[in-house]
Amino acid sequence: MNVTAKIRARRAQARTRKAVNRAIDQAATPAMRHELIALAQTQNVWR
């Protein structure tokens, strides 16, 4: 993997983390918040 591809992948991961965090912050109910956290943990969104 070249340097450019690594940078793009890192930026994509950062965008995903930000989107997940935003969704968790804006969750309508605590149950939805917990569900989003569980999904993020199983898919290794937070490394």
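The coordinates are above.
All of the points below concern the structure found in this document. These figures come from a predicted structure and were not determined experimentally. Residue positions are given per chain, counting from 1 as you read along its sequence in written order. Local features in a predicted model are, by the rule used here, given only for residues with pLDDT of at least 70; side-chain atom pairs are given and counted only at 80 or more, and totals for whole chains, interfaces and linings are based on all residues. Hydrogens are left out, water is left out, and the side-chain values use all remaining heavy atoms of the structure.

Overview of the overall build of the protein chain
Test applied: Numbering of helices and strands runs from the N terminus, with a helix taken as a DSSP run of H or I at least four residues long and a strand as a DSSP run of E at least two residues long. Here the term buried applies to any residue with accessible area under 20% of the maximum for its type, exposed to any over 50%, and partly exposed to those in between, with areas from a 1.4 Å probe on protein chains only. Shrake-Rupley sampling with a 1.4 Å probe provides the accessible areas, and residues are treated as covered by the protein chains on show and by no other component.
Looking only at helices and strands, the protein chain has two helices and zero strands in total. Counting only C-alpha atoms, the protein chain reaches 40 × 20 × 10 Å along its principal axes. Counting over 47 residues, the protein chain shows a buried share of 11%. Accessible surface, the protein chain: about 4100 Å² in total, of which carbon and sulfur atoms supply 53%.

Looking at unusual backbone geometry
The phi angle at N44 is positive, at roughly 55°, despite the residue not being glycine. In this structure, N44 sits in the segment after α2 (30–42). N44 gets classed as partly exposed once you look at its relative accessible area, which sits at 49%.

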